[in-house]
Amino acid sequence: MVIAHRCPCLKSQLVPLCHVPIPISARDPMAKAFNGPLSHPIVTIVQRMHHDPNLTKVVDLFKQLDAANIRRQAKETGIGMFSTRIYIMEDLARDVLLDHIDQSSILPELSETTSDVDILRAFRILMEGATLIYALARPSVNDFFLLHGVTACFSLRQILECLPERAQQLEALRTFCVGLLGAVVAQDLPVMSSIEWPDQTSLPSWDAITAAVIAQDDEHVIKVVFSCRDTEHEFGKEVCGVLLYQAVAAWCAGLCPWPV
């Protein structure tokens, strides 16, 4: 699904990927720090999307549609309200999102014109971005649909291992990136807010986090924690100077309150 060129519907990209089996082991030798979470390349693209009239018009359209009509359409198609928004976004804004990726000088790894791609580094940046979007999106917190961006991106890592050609891997990353940004649009372009991040002394251990989610038996929370734990193990604790993965896992497990 995720590697199909110009995938006909972005709704299929996030949830199915969450069920791909996981074990991985590799390390990115090109670790790079950015100046704070809001300066991360993916987060910066989302911030710029707020100033794109082509995308704000889509969000305005969502707000103008009568909720009953959306529910009726969702009931008739059997795909739900979020997926209905994704269908609308797919028709109106997919090419706009691709332009944001291709024209971004801060994320050349996913540009269509890129020929020499460090696939692992590109994945790391995308995984960081998906997790940061989930953590920073406001006014809501712990958004159920943006949660799937984290777990689906982690599962994308397994698919990349199975693709024999770098061009296929790049297309998979680009297509997923469009799906992730499309989910942000479908959720009314939430603002990426600055928050207070916990330090190591205020976070529970990974053992405590793991025990808590096992006790909850919530498959979505378990997958977020698993994705965060293994990504941190592979790429390191800090992202943009914060303990991104451990903090998100602790929030998801309910061991620390979500920052507001």
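Note that this is a predicted model, so its numbers are computed, not measured.

1. Considering the packing of aromatic side chains
Going through the model one piece at a time under the given rule, you end up with 7 aromatic pairs. Aromatic side chains Phe154 and Phe226 sit 6.1 Å apart centroid to centroid with 80 degrees between the ring planes, which places their arrangement in the edge-to-face category. Residue Phe154 is found in helix H6 (residues 144-162), and its partner Phe226 is found in helix H9 (residues 219-235); the two are separated by 72 residues along the sequence. Given a relative accessible area of 0%, Phe154 falls into the buried group. Phe226 sits in the partly exposed class, given a relative accessible area of 30%.

2. Here we look at the pattern of salt bridges
Tallying each qualifying case throughout the model produces 8 salt bridges. In this structure, the salt-bridge partner of Glu128 is Arg124, at a minimum N-O distance of 2.7 Å. Of this pair, Glu128 and Arg124 are both found in helix H5 (residues 119-136), 4 residues apart, which corresponds to roughly one turn of the helix. Per residue, the accessibility class of Glu128 equals that of Arg124, and both read buried. Ionic pairing is found between Glu161 and Arg157, a salt bridge with its closest N-O pair at 2.4 Å. Of this pair, Glu161 and Arg157 both sit in helix H6, 4 residues apart, roughly one helical turn. Looking at Glu161, the relative accessible area reads 52%, which means it is exposed. Through salt bridges that share partners, Arg157, Glu161 and Glu234 make up one connected network.

3. A closer look at helix H2 (residues 53-64)
Each turn of an α-helix holds 3.6 residues, which means side chains three or four residues apart point in the same direction. Taking 1.5 Å as the rise per residue, H2 with 12 residues should run 16 Å; its terminal C-alpha atoms sit 16 Å apart, in good agreement. For H2, the set of buried residues is Leu55, Val58, Val59 and Phe62. For H2, the arc enclosing every buried residue in end-on projection is 95 degrees, short of the 170-degree limit, so these residues lie on one face. Looking at H2, the residues exposed on the side facing more than 90 degrees away from the buried face are Lys57, Lys63 and Gln64. A side-chain oxygen of the first residue of H2 lies 2.8 Å from the backbone nitrogen of Asn54; this N-cap is Asp52.

4. Points about unusual backbone geometry
In this structure, Pro139 follows Arg138 across a cis peptide bond, with omega equal to 20 degrees. Positionally, Pro139 belongs in the loop between strand E1 (137-138) and H6. Within the chain, Asp188 stands out as a residue other than glycine whose phi angle is a positive 70 degrees. Mapped onto the elements, Asp188 comes out in the loop between helix H7 (166-186) and strand E2 (191-192). We classify Asp188 as partly exposed; its relative accessible area is 29%. For Cys240, which is not glycine, the phi torsion reads 55 degrees and is therefore positive. Note on Cys240: relative accessible area 6%, which makes it buried.

5. With respect to the environment of Val185
Mapped onto the secondary structure, Val185 falls in helix H7. When the C-alpha atoms of Val185 and Leu55 are compared, they prove to be 7.3 Å apart, with 130 residues separating the residues in sequence. The residues touching Val185, leaving out its near neighbours within four places in the chain, are Met49, Leu55, Val58, Val59, Phe62, Met89 and Leu97.

What counts, and where the lines are drawn
- Once a new chain begins, its residue numbering starts again from 1 and follows that chain's sequence as written.
- In keeping with the model being predicted, local features are shown solely for residues with a pLDDT of at least 70 and side-chain atom pairs are shown and tallied solely at 80 or more, while totals for entire chains, interfaces and linings include all residues.
- Heavy atoms from the whole structure form the basis of all side-chain values; hydrogens and water molecules are not counted.
- Pairing of aromatic rings covers Phe, Tyr and the six-membered ring of Trp, with a centre-to-centre limit of 6.5 Å; geometry is then stacked below 30 degrees between planes, edge-to-face above 60, and tilted otherwise.
- In this text, helices come from DSSP runs of H or I with a minimum length of four residues, and strands from runs of E with a minimum of two, each type numbered from the N-terminal end.
- Think of it in three bands: residues with accessible area under 20% of the maximum for their type are buried, residues over 50% are exposed, and the middle band is partly exposed, with areas taken using a 1.4 Å probe on protein chains only.
- Salt-bridge detection follows one rule: a side-chain nitrogen of Lys or Arg within 4 Å of a carboxyl oxygen of Asp or Glu.
- For a helix, the expected span equals 1.5 Å multiplied by the number of residues minus one.
- Throughout, the arc means the angular range of directions from the helix axis out to the C-beta atoms.
- What qualifies as a polar contact is a pair of N or O atoms within 3.5 Å, subject to a donor-acceptor requirement within protein and to the restriction that residues adjacent in sequence count only when both atoms come from side chains.
- Residue contacts follow a heavy-atom distance rule, with two residues in contact if any of their heavy atoms lie within 4.5 Å.

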